[in-house]
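Single-letter residue listing:
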Amino acid sequence: MPEQKVMNRWLVVVGGILIQLCLGAIYAWSVFTKKITIPIDDGGLYGFTAKQAAWVFSAGLASFALVMVLVGPWAKQKPRMAAALGGIVLGIGYILGGFLGNSFAAQFICIGLIGGAGIGIAYVVPIAVGIKWFPDKKGMIAGLGVAGFGFGATLWVKLAGSWFGGLLNTTSIFGLPGVQSVFVIYGAAFLIIVLIGSIYMVDPPKGYKPTGWEPPAPTDAGATGTLDMTSRQMLGTPQYYMLLAMFTGSALAGLMVIYCIRLFGIDALQASGVTTDAESAGVIAGTAMAWYAILNGLGRIIWGTVSDKIGRKCALFLMCLFQGIIMLAFLKMGGSKAGLIVGACIIGFNFGGNFALFPTATADFFGTKNLGPNYGWVFLAYGVAGIAGPQVAGYFKDAAKTSGAGVAAWNTPFVIAAVACIAAAVIALLLKPVKVSAVAVETSTPDPSLTAEVKPE
């Protein structure tokens, strides 16, 4: 089918980036934590504990992952509707969080559970639709499709905290305080922008092939294209559980650092004598977090593009191994301003790679036809890591308050994260093609290192 007779496929990329820019707001949660954790006795309006603030974030991540599984089959059939509904639910969650969010329970439900559900409904749509339009550039397109998620964190953090004076400091609509006013503004923006992006979330016509691209020819042993497996079939393979374990281990490190980089940065910089006060250290840690978000977005594009060249298996191994090494080094690097920022950049870069490599690996192993629901099952790992990473770090940080461990409190959680990443790298080396006796096969662009082997019936 000539490409010029159908929609320009790059519009799918543009629409996907618009959607992901809004969905990435969950990574901007740290910009609100300082305001909501000021004790009431010190003039705070909310008085949340640090654990309560962390639970709102964790609830959003868990809801995000769980809802992806629940809506996956439907989103596969109605991608445009799923993207639009996700934007509506996300927007309503934040708007309700603005009007009702003066308590922990309200923010936990509205921002965490409802907002996370909106992200889960829409998230996989740009990835699944984009890969169908770009079978010749799966890794690159998956990376571009989710790059907005990483860049979105920087956008929403800066708008709330510093650009134009910072919405948190300058805004009060409907008589609401700054945090809740920003929730309302963001909710309205998310709803509108995601609806615009959803316009282009449509699958290509049946039989679509990019101009000049041909799928590999079948071999005597079977087809060299990826297998189109259902979720039920996928759940019966060891490859699924290997990907699940790898994603959990690799994501745990990145999500742990997102949660604790400010706290760790303050402890490390003060312990090394770089700064003498928490406020100055907090500014440096904030800069590190901003760079983390930027490199998170770039990592999605670059790791995805690289994987198209060297293969998903090799890319997964390298990404997980590098992340494990830098998590160990970060304990020392965090004691200097440059080290904290550079370490955050590398961790963010590798963390971003997860969101380009695991959906394309899912497509390589199990096919593109059911990628939406299949990747939802793989993405459950993100929900597990979203709870485990922040909570492990929080546990050891709280324990340090009574033991007086100081910056040493971060040794154990960072080592745990490093071991999880290295274990994921080892699993990557053990990955082998799926072997099934009878399954529908469709020719598409396979990853040479993950080509499925099909035994003749």
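Scroll up a little and you will see the structure.
None of the values given here were measured: they were computed from a predicted structure.

Caption draft 1: Region of the structure containing the overall build of the protein. A tally of helices and strands in the protein yields 16 helices and two strands. In the protein, buried positions account for 56% of the 457 residues. The contacts in the protein between residues at least 6 apart in sequence include a share of 82% that link residues at least 24 apart. Summing over all exposed atoms, the protein offers an accessible surface of approximately 17,400 Å²; the carbon and sulfur share of this is 68%.

Caption draft 2: Inspection of unusual backbone geometry at higher detail. Within the chain, Phe174 stands out as a residue other than glycine whose phi angle is a positive 55 degrees. Residue position: Phe174 is located in the loop between α7 (167–170) and α8 (178–198).

Caption draft 3: Examining helix α1 (residues 10–23) more closely. Under the 1.5 Å per step criterion, the end-to-end length of α1 is 20 Å for 14 residues, consistent within 8% with the ideal 20 Å. Among all positions in α1, only Val12, Val13, Gly15, Gly16, Ile19, Gln20, Cys22 and Leu23 are buried.

Caption draft 4: How the structure looks around the nonpolar core. One finds Tyr27, Tyr123 and Tyr375 to be the most contacted residues of the largest nonpolar core, which totals 133 residues. Here this core takes 18 residues from helix α10 (residues 238–272), the largest share from any one element. The contact partners of Tyr123, leaving out residues within four places of it in the chain, are Gln20, Leu23, Phe64, Met68, Val146, Phe149, Arg300, Phe355, Tyr375 and Phe379.

Caption draft 5: Spatial organisation of the layout of surface pockets. Approximately 1,400 Å³ is the volume found for the largest pocket. Lining the largest pocket we find 49 residues, and of these Ser30, Val31, Thr33, Lys34 and Arg262 sit closest to its centre. Only α2 (30–36), α3 (50–77), α6 (138–161), α7, α10, α11 (278–310) and α15 (380–403) provide two or more residues apiece to the lining of the largest pocket. Ranked by the residues each element gives to the lining of the largest pocket, the list is headed by α11, at ten residues. For the lining of the largest pocket, the residue count by class is 26 nonpolar, 13 polar and ten charged.

Caption draft 6: Structural view of the packing of α3 against α10. Running from amino to carboxyl end, α3 crosses α10 at an angle of 145 degrees, the nearest separation of the two axes being 11 Å. Where α3 crosses over α10, the two elements pack in a sense that is right-handed. From α3, Ala50, Ala54, Phe57 and Leu61 reach across to α10, where they touch Leu255, Ile258 and Tyr259. Taken together, the residues of the contact of α3 with α10 sort by class into seven nonpolar, no polar and no charged.

Caption draft 7: Structural view of the packing of helix α5 (residues 104–133) against helix α14 (residues 371–378). Running from N to C, α5 and α14 cross one another at 130 degrees; their axes reach a closest spacing of 9 Å. The angle between the axes of α5 and α14 places the two elements in the oblique class. Pair α5 / α14 crosses with right-handed handedness. Between α5 and α14, the contacting residues are Tyr123, Val124, Ile127, Ala128 and Ile131 on the first element and Leu371, Gly372 and Tyr375 on the second. Broken down by class, the residue content of the contact of α5 with α14 amounts to seven nonpolar, one polar and no charged.

Caption draft 8: Examining the environment of Phe247 more closely. Inspection of the secondary structure assignment puts Phe247 in helix α10. With 173 residues separating them in the primary sequence, Phe247 and Ala420 have C-alpha atoms 9.8 Å apart. Here Phe247 is in contact with Asn354, Phe355, Phe358, Tyr375, Val378, Phe379, Ala381 and Tyr382, once residues within four sequence places are set aside.

Caption draft 9: Spotlight on the environment of Gly299. When you line up the elements, Gly299 lands in helix α11. Sequence separation between Gly299 and Cys345 is 46 residues, and the spatial gap between their C-alpha atoms is 9.6 Å. Apart from residues lying up to four places away in sequence, Gly299 is in contact with Gly304, Phe349, Gly352 and Gly353.

Caption draft 10: Representation of the pattern of salt bridges in the model. Taken as a whole and judged by the stated rule, the model has three salt bridges. Between Lys132 and Asp203 there is a salt bridge, and its shortest N-O distance comes to 3.5 Å. Taken as a pair, Lys132 in helix α5 and Asp203 in the loop between α8 and α9 (231–234) lie far apart in primary sequence, 71 residues in all. Using a relative accessible area of 21% as the deciding quantity, one classes Lys132 as partly exposed. On the accessibility criterion, Asp203 (30% relative accessible area) is partly exposed.

Thresholds, definitions, all that
- Residues numbered from 1 in each chain as written.
- Predicted model: local features only at pLDDT ≥ 70, side-chain atom pairs only at ≥ 80, totals over all residues.
- Heavy atoms only, no water.
- Helix = DSSP H or I, 4+ residues; strand = E, 2+ residues; numbered from the N terminus.
- Buried < 20%, exposed > 50% of the residue type's maximum accessible area, 1.4 Å probe, protein only.
- Contact = heavy atoms within 4.5 Å.
- Areas by Shrake-Rupley, 256 points an atom, 1.4 Å probe, with all protein chains shown as cover.
- Expected span 1.5 Å × (residues − 1).
- Core = buried A, V, L, I, M, F, W, Y, C linked by side-chain atoms within 4.5 Å.
- 1 Å grid on protein atoms, 1.4 Å probe; cavity = no way out; pocket = protein on both sides within 12 Å on 5 of 7 lines; lining within 4 Å.
- Points joined across faces, edges and corners; volume = space filled by probe spheres on them.
- Nonpolar A, V, L, I, M, F, W, Y, C, P; charged D, E, K, R; others polar.
- Axes fitted to C-alpha atoms, helices over the stretch in contact; angles between N-to-C directions.
- Left-handed = near helix turned anticlockwise from the far one by under 90°.
- Parallel < 35°, antiparallel > 145°, perpendicular 65-115°, else oblique.
- Salt bridge = Lys/Arg side-chain N within 4 Å of Asp/Glu carboxyl O.

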